[in-house]
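Chain by chain, the residues run as shown.
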Amino acid sequence: MTSRIVGVPKETAPHERRVALVPDEVQRLVKNGLQVVVAAGAGNGAYFSDADYEAAGARIAPSNEAVVEAADILPAVHPLEMPLLDRLNEGAVLLHMWRSEQTLDADAYLERAARRQASVYALDHIPRTTRAQFLDVLSSQATVAGYKAVLVGAEQSPHLFPMLTTAAGTIRPARVLVIGAGVAGLQAIATARRLGAQVFAYDIRRAAQADAESVGARFLASPVIAEGEGGYARALTDDEKQQVHQFLKGHVAQMDVIITTAQVPGRPAPRIVTEDMIEAMKPGSVIVDMAADSGGNCAFSEPGRTVVHGGVIIVGPVNLPSSAPIAASRLFSKNIFNFLDLMKAADEALAAPADDEILEATCILYRGKPVKEYSHA
Ligand code: NAD
């Protein structure tokens, strides 16, 4: 096999500071016989300089256009800008997140990539199996997001998280509720605990209780269990929503900070914290709605904005992983390296979806042919 060229574009989505490959993985790829070309400044947002990439064995190209024209394999955080697709080398392989890009015209993107006989792998379609964990970008980025959400909540809160015993008296610990105890939620619980808060958790999956308790939360056992396929939650019926509302309302009113992380695959995020719940909270309470840009778990939340309602501060952060760009890029980069390794193991030609369940689940375009209905939810 001739030496393949991996190209790393500079991310162009607004406020995106991550980069898909960091110098450590560049070095490992070069050691494995690949060439790597990196767009000038691609790592700047995450504090990796062009010189760092060069020292790792990469060549620096002046622009994303030059990277795309040089590369056979293009790992990225977000889909490429549409005009770049016309410059792809024939048979190029693209790896990036798919659902992250809300404004993408998915059909046009795939049609344009197909004209170059390209393959597209959606990294956020990786199955949530034990075997796939080491290349799961959703998990790695959710871990960063869960950590940062708690820091955002702590920063906004007029309380302190730990219990403090001082000469002036004792301050009780903040009461923090994490709604949704998946990957982001578990990291949020652990982080809030480390800051000294009294942490509560709520979820509708049975397994979530043991997970949440293992990282230090007191679990608010839901009156409704609603498990869907593949270990995920399912959407609730109206009757179930009513039961949950009755159950949660009293708890919510007691909290100083709430972090919401709930998602149901393929659907807008479920609305859990309702207007009347917020109106029953104490002024100065904070809600960080991690689902603000996918439908919102919380009434009044708006992506990218902080809204104050009746003294309750409701934050709708967008792209939290990008706010810890070094950590998030390092983890993303390891996921990409592992994905490339898997592709190489599955097929020397680097893209044979039928050979492997992970490649099969993620491949949405294979050498110019749509593989299956893709999800853009
Ligand atoms: P997710 O992002 O889809 O959802 C976040 C959490 O919200 C989930 O825990 C879900 O149960 C919860 N939720 C949904 N609707 C809710 C509602 N109405 N009320 C309260 N909570 C609600 O989930 P995720 O973080 O991707 O994880 C989902 C599952 O997949 C977990 O069991 C996790 O351990 C598992 N997982 C496995 C792997 C792996 O093995 N590779 C990787 C990641 C996640």
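Residues numbered from 1 in each chain as written. Predicted model: local features only at pLDDT ≥ 70, side-chain atom pairs only at ≥ 80, totals over all residues. Heavy atoms only, no water.

1. Examining the overall build of the chain
The helix and strand tally for the chain stands at eleven helices and 17 strands. A compact globule built from 377 residues would reach a C-alpha radius of gyration of about 21 Å, and the chain, at 22 Å, matches this within 12%. In terms of overall dimensions, the chain has a C-alpha envelope of 70 × 50 × 35 Å along the principal axes. The 377 residues of the chain split such that 51% are buried. Contacts in the chain between residues at least 24 apart in sequence constitute 65% of all its contacts with a sequence separation of at least 6. Surface summary for the chain: the accessible area is close to 16,300 Å², and the carbon and sulfur share equals 51%. Averaging the locations of the 35 positively and 43 negatively charged side chains of the chain gives two centres separated by 4 Å. (Helix = DSSP H or I, 4+ residues; strand = E, 2+ residues; numbered from the N terminus. Rg over C-alpha atoms; globule rule 2.2 N^0.38 Å. Buried < 20%, exposed > 50% of the residue type's maximum accessible area, 1.4 Å probe, protein only. Contact = heavy atoms within 4.5 Å. Areas by Shrake-Rupley, 256 points an atom, 1.4 Å probe, with all protein chains shown as cover. Lys, Arg positive; Asp, Glu negative; His and termini not counted. Charge placed at Lys NZ, Arg CZ, Asp CG, Glu CD.)

2. Considering the sheet that holds strand S14 (residues 306-309)
Ordered in space as S11-S10-S9-S12-S13-S15-S14, the seven strands form an open sheet in which the pairing is mixed. Looking at strand neighbours, the two that pair on one side only are strand S11 (218-219) and S14, the edges of this open sheet. Relative to strand S12 (residues 257-260), strand S9 (residues 175-179) runs parallel, the two being bridged by four bridges. Looking at S12, one finds that Val176 is bridged to Val257. (Pairing = 2+ DSSP bridges.)

3. Regarding the pairing of S9
Buried residues dominate S9, accounting for four of its five residues. Relative to strand S10 (residues 198-202), S9 runs parallel, the two sharing five bridges. Looking at the pairing, Ile179 lines up with Tyr202 of S10. For the handedness criterion, the β-α-β arrangement of S9, helix H6 (residues 183-194) and S10 is classed as right-handed. (Right-handed = clockwise from strand over helix to strand, strands pointing away.)

4. Details of the packing of aromatic side chains
For the structure shown, the criterion picks out three aromatic pairs. Seen from their ring centres, Trp98 and Tyr109 are 5.6 Å apart, and the 65° between their planes marks the pair as edge-to-face. Of the two residues, Trp98 is situated in the loop between strand S5 (93-96) and helix H4 (106-115) and Tyr109 in helix H4; the sequence distance between them amounts to eleven residues. With respect to class, Trp98 is no different from Tyr109; both count as buried. When the ring centre of Phe337 is taken as origin, the NZ or CZ atom of Arg28, which lies over that ring, is 3.8 Å away. (Phe/Tyr/Trp six-rings, centres within 6.5 Å; stacked < 30°, edge-to-face > 60°. Lys NZ or Arg CZ within 6 Å of the ring centre and 35° of its normal.)

5. Details of the site of the ligand
Taken together, 23 residues form the shell around the ligand, and within it Arg128, Thr129, Val183, Asp203 and Arg205 come nearest. Contacts to the ligand include Arg205, whose side-chain N or O atom sits 2.7 Å from an oxygen atom. Gln263 is positioned with one of its backbone polar atoms (N or O) 3.4 Å from an oxygen atom of the ligand. Relative to its unbound accessible surface of 830 Å², the ligand loses 86% to contact with the protein. Here the residues of the shell around the ligand sort into ten nonpolar, nine polar and four charged. (Near = heavy atom within 4 Å. Polar contact = N/O pair within 3.5 Å; in protein donor to acceptor, adjacent residues only side chain to side chain. Nonpolar A, V, L, I, M, F, W, Y, C, P; charged D, E, K, R; others polar.)

6. Notes on helix H8 (residues 238-253)
With 16 residues, H8 should cover 22 Å at 1.5 Å per step; its first-to-last C-alpha distance of 22 Å lies within 8% of that length. Taken as a whole, H8 carries its principal kink of about 30° at Phe247. Taken as a whole, H8 has its buried residues at Glu240, Val244, His245, Leu248, Val252 and Ala253. (Expected span 1.5 Å × (residues − 1). Bend = angle between axes of the 7 residues up to and from the residue.)

7. A short note on helix H5 (residues 137-156)
Side chains three or four residues apart in an α-helix point the same way, a direct result of the helix having 3.6 residues per turn. Compared with an ideal rise of 1.5 Å per residue, which puts 20 residues at 28 Å, H5 spans 28 Å between its outermost C-alpha atoms and is within 8% of the ideal. Within H5, the full set of buried residues consists of Val137, Ser139, Ser140, Gln141, Ala142, Val144, Ala145, Gly146, Lys148, Ala149, Val150 and Gly153. The N-terminus of H5 is capped by Asp136, whose side-chain oxygen sits 3.0 Å from the backbone nitrogen of Leu138.

8. Description of the nonpolar core
Within the largest apolar cluster, 67 residues are counted, with the highest numbers of intra-cluster contacts made by Leu80, Leu88, Leu94, Leu95, Tyr109 and Phe339. Among the elements that make up this core, the one with the highest residue count is helix H10 (residues 325-346) (seven residues). In this structure Leu80 touches Pro9, Val68, Leu74, Leu85, Leu88, Leu94, His96 and Tyr109, once residues within four positions along its chain are discounted. Ranked by size, the runner-up nonpolar core spans 28 residues in total, among them Ala142, Val176, Ala188 and Ala208. (Core = buried A, V, L, I, M, F, W, Y, C linked by side-chain atoms within 4.5 Å.)

9. Examining the pairing of strand S2 (residues 35-39)
Within S2, four of the five residues are buried, which leaves the element mostly enclosed by the surrounding structure. Sheet topology places strand S1 (residues 5-8) next to S2; four bridges connect them, and they run parallel. Looking across to S2, one finds that Val6 is bridged to Val36. Taken together, S1, helix H1 (residues 23-31) and S2 form a β-α-β motif whose crossover is right-handed. Across three bridges, the pairing between S2 and strand S3 (residues 59-61) is parallel. Pairing of Ala39 across the sheet is with Ala61, part of S3.

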